[in-house]
Every structure is written in structure tokens, then in C-alpha cells.
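Close look at the chain arrangement
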Amino acid sequence: MTIYSETLVWSPPAELAAEAPYQLVLVDDGTGGRLLGRMSPGERAAIGDTVSLHAVVDGVHFFRKTE
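Reference entry: report on the structure contained in this document. (Residues numbered from 1 in each chain as written. Predicted model: local features only at pLDDT ≥ 70, side-chain atom pairs only at ≥ 80, totals over all residues. Heavy atoms only, no water.)

**Quick notes on the packing of aromatic side chains**
Enumeration over the complete set of coordinates arrives at zero aromatic pairs. A cation sits over an aromatic face here: R34 above Y4, 3.5 Å from the ring centre. Above the ring of Y22, the side-chain terminus of R38 is found at 3.9 Å from the ring centroid. (Phe/Tyr/Trp six-rings, centres within 6.5 Å; stacked < 30°, edge-to-face > 60°. Lys NZ or Arg CZ within 6 Å of the ring centre and 35° of its normal.)

So, in C-alpha cells, the structure goes:
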């Protein structure tokens, strides 16, 4: 899976304010589909980086960069 697009969220909704800034990513799943999720806390990725699914929490996909 690779990063297709990304952005940093600096002004989140009030319930996520303690987690800002966090990175939203649009991930190409390799089969023609795309998943919207977040990078795991402390992780950052750039367009074209390879990632793997780390966890799904409350329906939110969290990804980690892979080597």
C-alpha cells in the first residue's frame, strides 16, 4: 500500500484537539481501491511512501510506514 495523498490537520474538531497535529492519508491499496485513514501517532509519511495497516480504532484506519 502506498500514500496517494496526505495532509496535516492543525485545527481538528474539539474532541480531537489533544491529538493535533495529526496526518490524514489517502492510501492506494494496490487493487484499485483507496482507504482514508491516519498515520499512527508519532509517524509521518510522504506521497509515494509504503505503509501497512497498523490498527482500526472506532472505524478509523491507522497506518505505519514500512521500509
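Continuing now.
**Details of the environment of Q23**
Mapped onto the elements of the fold, Q23 is located in strand β2 (residues 22-28). With 15 residues separating them along the chain, Q23 and L8 place their C-alpha atoms 4.4 Å apart. Not counting chain neighbours up to four residues away, the residues in contact with Q23 comprise E6, T7, L8, G37, R38, M39, E43, R44 and A45. One polar contact links the side chain of Q23 to the main-chain carbonyl oxygen of A45, over a distance of 2.7 Å. (Helix = DSSP H or I, 4+ residues; strand = E, 2+ residues; numbered from the N terminus. Contact = heavy atoms within 4.5 Å. Polar contact = N/O pair within 3.5 Å; in protein donor to acceptor, adjacent residues only side chain to side chain.)

**Things to note about the side chain of R38**
Along the chain, the position of R38 falls in strand β3 (residues 34-39). Non-local contacts of R38, meaning those with residues more than four positions away in its chain, are made with L16, E19, Y22, Q23, L24, V25, V60, H61, F62 and F63.

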